[in-house]
Amino acid sequence: MAESRKVSESLTETVHMVRPNHLNAAGRLFGGILMQWMDEIAGLVAKRHTRKNVITASVDNLRFLRGAYQRDVVVITGKVTYVGNTSMEVKVDSCVEHLNGERTLINRAYFTMVALDENDHPTPVPKLILETEEEEQEWESGAKRRVMRKMRKEEGF
Ligand SMILES: CC(C)(COP(=O)(O)OP(=O)(O)OC[C@H]1O[C@@H](n2cnc3c(N)ncnc32)[C@H](O)[C@@H]1OP(=O)(O)O)[C@@H](O)C(=O)NCCC(=O)NCCS
């Protein structure tokens, strides 16, 4: 039987404190640092889902919605939203967590991660078990994004 895992099995959250060395010249969290943190979590999620080596193939819809500043607490969550044959989509949300526990979304992106075998060739990923209505909706959106990605790849833009 084909391997399959629940979304919750690879759900990952990381927390970072914005420090002076993370800031750009405008005094905000440098976008490149945030992208590094996001790429790391996408890799962790994909590894947990596949239990294999993974690489980042592409990043879609990366949007900087708000800035983050020194001493802000940035919470990044990643979860698998869609799986293909050898690739999977990981949604990465970055939020600033306030003292009262509320969170403000500052960035969202969708990473396509590809699983690799011992020869560094793409290898099948486990199926995804959807348990909630939200997970089913995410799956449907993921399927649409996959069609768009394929179209962009074929047309070279
Ligand atoms: C990602 C990579 C393996 C794809 O190679 P490829 O020859 O296109 O391989 P395939 O055609 O077999 O595609 C493998 C999977 O990746 C997906 N894919 C390939 N290019 C993609 C792209 N630009 N965007 C999204 N998905 C992509 C394919 O749809 C396929 O998924 P599926 O099996 O679920 O249908 C290759 O381009 C690569 O090694 N890139 C460099 C990755 C890297 O170094 N990342 C940075 C460090 S982690």
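Parameters at a glance
Residues numbered from 1 in each chain as written. Predicted model: local features only at pLDDT ≥ 70, side-chain atom pairs only at ≥ 80, totals over all residues. Heavy atoms only, no water. UniProt positions renumbered as here; feature names shortened; annotations may be inferred. Helix = DSSP H or I, 4+ residues; strand = E, 2+ residues; numbered from the N terminus. Rg over C-alpha atoms; globule rule 2.2 N^0.38 Å. Buried < 20%, exposed > 50% of the residue type's maximum accessible area, 1.4 Å probe, protein only. Contact = heavy atoms within 4.5 Å. Areas by Shrake-Rupley, 256 points an atom, 1.4 Å probe, with all protein chains shown as cover. Lys, Arg positive; Asp, Glu negative; His and termini not counted. Charge placed at Lys NZ, Arg CZ, Asp CG, Glu CD. Salt bridge = Lys/Arg side-chain N within 4 Å of Asp/Glu carboxyl O. Core = buried A, V, L, I, M, F, W, Y, C linked by side-chain atoms within 4.5 Å. Polar contact = N/O pair within 3.5 Å; in protein donor to acceptor, adjacent residues only side chain to side chain. 1 Å grid on protein atoms, 1.4 Å probe; cavity = no way out; pocket = protein on both sides within 12 Å on 5 of 7 lines; lining within 4 Å. Points joined across faces, edges and corners; volume = space filled by probe spheres on them. Nonpolar A, V, L, I, M, F, W, Y, C, P; charged D, E, K, R; others polar. Pairing = 2+ DSSP bridges.

- As annotated in an unreviewed UniProt entry, the protein chain carries the name Acyl-CoA thioesterase and comes from Claveliimonas bilis.
- Reading the Sequence similarities (unreviewed entry) entry of the UniProt record for the protein chain gives the comment "Belongs to the acyl coenzyme A hydrolase family."

**Remarks on the overall build of the protein chain**
Working step 1: What the protein chain contains, in helices and strands, is two helices and seven strands.
Working step 2: Starting at the N terminus and ending at the C terminus, the protein chain contains elements arranged as β-β-α-β-β-β-β-β-α.
Working step 3: Here the C-alpha atoms of the protein chain give a radius of gyration of 16 Å, agreeing with the 15 Å that 2.2 N^0.38 yields for 157 residues.
Working step 4: If one aligns the C-alpha atoms of the protein chain with their principal axes, the spans along those axes are about 50 × 35 × 30 Å.
Working step 5: Burial analysis of the protein chain (157 residues in total) assigns 41% to the buried set.
Working step 6: A separation threshold of at least 6 residues defines the contact pool for the protein chain, and within that pool the share at least 24 residues apart is 71%.
Working step 7: With the model as given, the accessible surface of the protein chain reaches about 9200 Å², and the carbon-plus-sulfur share is 49%.
Working step 8: Within the protein chain, one finds 23 positive and 23 negative side-chain charges whose respective centroids are separated by 3 Å.

**A short note on the pattern of salt bridges**
Working step 1: In this structure the tally under the stated criterion is twelve salt bridges.
Working step 2: Between Glu97 and Arg103 there is a salt bridge whose closest N-O contact spans 3.0 Å.
Working step 3: We classify Glu97 as partly exposed; its relative accessible area is 29%.
Working step 4: Residue Arg103 is classed as partly exposed on the basis of its relative accessible area, which comes to 40%.
Working step 5: When salt bridges that share partners are traced, they join Asp60, Glu89, Arg145, Arg149 and Arg152 into one network.

**Looking at the nonpolar core**
Working step 1: Counting residues in hydrophobic clusters, the biggest one holds 28 residues, and the most contacted among them are Val74 and Met88.
Working step 2: Counting only elements with at least two residues in this core, the list comes to helix 1 (31-50), strand 4 (73-83), strand 5 (87-97) and strand 6 (103-116).
Working step 3: With eight residues, helix 1 is the single largest residue contributor to this core.

**Observations regarding the side chain of Asn107**
Working step 1: Within the secondary structure, Asn107 is located in strand 6.
Working step 2: Residue Asn107 is classed as buried on the basis of its relative accessible area, which comes to 0%.
Working step 3: At 3.2 Å, the side chain of Asn107 forms a polar contact with the backbone oxygen of Arg63.
Working step 4: Excluding residues that lie within four positions of it along the chain, Asn107 makes contacts with Leu34, Met38, Leu62, Arg63, Phe64, Leu65, Val92, Asp93 and Ser94.

**Here's the deal with the layout of surface pockets**
Over the atoms rolls a probe the size of a water molecule, and its path tells where empty space is left.
Working step 1: Its volume calculated, the largest pocket comes out at about 380 Å³.
Working step 2: If you trace the largest pocket, you find 16 residues lining it, with Ser87, Thr112, Arg146, Arg149 and Lys150 closest to the centre.
Working step 3: Considering each element in turn, the lining of the largest pocket owes the most residues, five residues, to helix 2 (residues 133-155).
Working step 4: A breakdown of the residues in the lining of the largest pocket according to their chemical character gives four nonpolar, six polar and six charged.

**Thoughts on the pairing of strand 6**
Working step 1: Of all 14 residues that make up strand 6, ten are buried, and the element is covered over most of its length.
Working step 2: The hairpin turn running from strand 5 into strand 6, its antiparallel successor, is five residues long, and Gly101 in that turn takes a positive phi close to 95 degrees.

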